[in-house]
Structure formats: C-alpha cells, structure tokens
Amino acid sequence: MSPPALARVLRALLAGCALLAACGASAGPDAVAPPSVPGQTTVGGIKYSGKLTQGGWLRGVAPPGTRAVTLGGKPLALAPDGAFFAAFDRDAPPSVQLSVTAADGFGLAMPLAITPRSWRIETIDVAKRPGKMPDAAFRERRAAELKQIGAARALRSDVGGWRQAMIWPASGRISGAFGAQRIYRGEPGAYHGGVDLAAPAGAPIMAPADGVVVLAAADAAFTLEGHLLIVDHGMGLASAFLHCSDLVVHVGDRVAQGQLLGHVGMTGRATGPHLHWALTWQGGRLDPQLFAPAGR
Ligand SMILES: [Zn+2]
C-alpha cells in the first residue's frame, strides 16, 4: 500500500475509534473498552499494555513522528523510539482521556477505563489522636526534609528502569498493603502510600529496576522516613525506600536492577524492622504490588 493510501486507512481507523469512544452506548462489536489488564492493545497507532486500575500503570509506544501524547491533559514524555509511561494514582477517576496528536497534526482522543479498587478501610470510633504539637525546631527540620524530597522527585534522569518488569526489593511477606486507610470518627487519616515488607533488620535491599540515586539520607536520618533512599527510574517514575539501617549507594550513582542499595532497618518512625517501598509518578502514588511479580 502506498504511503498516502496507508495514511487514509489509518485516518479512517482513527476516526472510527474516536467516534466509537465518544458514544459507547450504541457502539458496535469493535468498540469494546480496553481490558483492564490487556496483553497489548492498539489504539490509533499507539500500542500499550499495563494494569489499568487505581495505583496501576501503562507502557506504550507511539508511531514515529507522533507530536504529542497526553493523559488526562498531562503531556507524556516520549522516548526517541516513541515509548512512553503513564500511571494512575490510588484515587484515579474511572476514566482518563488518552490523546494523541499524529505527525500530520491529526488528533485522536480515547477514554481509558481505569478499574476502581476497594481499599482496606478501618473505621475507628475514636477521635484522631491530637499527638504532640511539633515544636518549632521539628517544624523547621521537617520543612527542610520535605524540600529535599520534593527537589529529588523533580529530578529527571535518562535511565530506562521504567521499561523493565520490576523485581521485589526485599524478600519477606507483605505486612502492610498499599492504599489502606483509617477513618477516625469520620475523619480520614492519610492512606498507606507504599507496601511494607516484613524483612529482618540487616536484610539486603535490592534495586527493583535500573535507576539513578536522587536522594540518599545516609548520614542524618530523616525524622519520619529515617535513612531514606530515592531512586529515579526515568520518565518520572521513582522508588522510595524508608527506615533503612544503612545505605551503600550515593546521590548520582546509576544502579542496575538487583544491585544492593542498603539494608532493612527501623530508622525514623517505625515500630519494628521492615522495608516501606513506595512508587510515585508525577505526584501520584502507585501500588508496588502492581509492578512486581505476583505470588510471593
Ligand atoms: Zn509503610
């Protein structure tokens, strides 16, 4: 088929997609919404696969020359080969718009169905503990720590960990699931932003995917996170490891999947030794269990 003919066919297919996507009620057999755990789905020349659910992710490839891909209005970075990554926050809405602007400026928008999940919610009939009023020294120290975390998360490295199937950073059962939340007399507490792995103190912590170390609180432990390590996996996807006993990598180090990063501990606010592993993408919190292999 000649390139112009191919372009016409592609355009017709794209137009079909857009129309069907906009009026799902009268859609024909081809208008089935993308499955929530697709092998690989093709929409308007874009191929993608992933876990399209709250806390999940998507990896895709856009055709050569694609001008832009946005998700929920946010522009996604495209790698030189057209590959991209996106993810869905714990509280992502049931539908997010994926928009593509092709090489010739032709646009296509397609809603992606994001499967909602039910989180472990514990309702407690006591008021939220007021806790000790933090003193001025703590507030000042905490503000500096949060600034450091924010600056580290804003760094973008040219690294391909985001393309990899992740491995678990430590062995041990999951003692705290992502997303769990307590409600104190109607007042919600913060939800659990990572998974807790019950590993003994001193157990090794391995890189779940390739990355660059963007924060390593090796000397001074952070007030809540203790010896905190943040690894950027590229495309805005980052891992954080909390409560470590020690770290063996430094800011700027490139780490390979499986490489030793440090050891499990209980520094910062922790009641016992464990590894809290958190994954974030563009400010959204993701469920590590959707990135690492099932069946621990
Ligand atoms: Zn935790």
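First, a word on what this report is: a plain description of the structure on this page. Values in this document were obtained by computation on a predicted structure and should not be read as measured data.

Here is what the cut-offs are and how they apply
- Residues numbered from 1 in each chain as written.
- Predicted model: local features only at pLDDT ≥ 70, side-chain atom pairs only at ≥ 80, totals over all residues.
- Heavy atoms only, no water.
- Helix = DSSP H or I, 4+ residues; strand = E, 2+ residues; numbered from the N terminus.
- Buried < 20%, exposed > 50% of the residue type's maximum accessible area, 1.4 Å probe, protein only.
- Contact = heavy atoms within 4.5 Å.
- Areas by Shrake-Rupley, 256 points an atom, 1.4 Å probe, with all protein chains shown as cover.
- Pairing = 2+ DSSP bridges.
- Phe/Tyr/Trp six-rings, centres within 6.5 Å; stacked < 30°, edge-to-face > 60°.
- Lys NZ or Arg CZ within 6 Å of the ring centre and 35° of its normal.

1. Some remarks on the overall build of the protein chain
Check the secondary structure of the protein chain and you find 2 helices and 22 strands. Looking at the protein chain residue by residue over its 296 residues, the buried ones come to 43%. In the protein chain, 65% of the contacts between residues at least 6 apart in sequence involve partners at least 24 apart. Summing over all exposed atoms, the protein chain offers an accessible surface of approximately 14,800 Å²; the carbon and sulfur share of this is 59%.

2. Details of unusual backbone geometry
If you check the backbone angles, histidine 243 has positive phi at about 70° while not being a glycine. Within the element layout of this structure, histidine 243 appears in strand E17 (residues 237-244). Phi angles above zero are rare outside glycine, and glutamine 282 is one such case at about 45°. Assignment of secondary structure puts glutamine 282 in the loop between strand E21 (275-281) and strand E22 (284-286). Exposure remark for glutamine 282: the relative accessible area of 32% places this residue in the partly exposed category.

3. Let's talk about the sheet that holds strand E7 (residues 95-101)
Taken in spatial order, the 4 strands of this open sheet run E5-E4-E7-E8, and their pairing is antiparallel. If you trace the sheet from one side to the other, it starts and ends with strand E5 (74-75) and strand E8 (107-113), each paired once. Here strand E4 (residues 68-71) runs beside E5; their pairing, made up of 2 bridges, is antiparallel. Paired with leucine 71 across the strands is lysine 74, a residue of E5.

4. Considerations on the packing of aromatic side chains
Summed over all chains, the structure comprises 6 aromatic pairs. Seen in terms of ring centroids, tryptophan 57 and phenylalanine 291 are 5.8 Å apart; in terms of plane orientation they differ by 40°. Their pairing is tilted. Here tryptophan 57 is found in strand E3 (residues 57-61), whereas its partner phenylalanine 291 is found in the segment after E22, with 234 residues between them in sequence. Take phenylalanine 291: its relative accessible area is 7%, and that puts it in the buried class. Considering the side-chain rings of tryptophan 119 and phenylalanine 178, the 5.7 Å spacing of their centres and the 75° angle between planes classify their relative orientation as edge-to-face. Taken together, the positions of tryptophan 119 in the loop between E8 and strand E9 (121-124) and phenylalanine 178 in the loop between strand E10 (173-176) and strand E11 (181-184) put the pair 59 residues apart, joining distant regions of the chain. With respect to burial, tryptophan 119 and phenylalanine 178 carry one shared label: buried. The rings of Trp57, Phe85, Trp281 and Phe291 are connected pair by pair, giving a single aromatic cluster. Directly above the aromatic system of tryptophan 57 lies the positively charged group of arginine 59, at a separation of 4.3 Å from the ring centroid. Between arginine 90 and the ring centre of tyrosine 191, over which it is positioned, the NZ or CZ distance is 4.2 Å.

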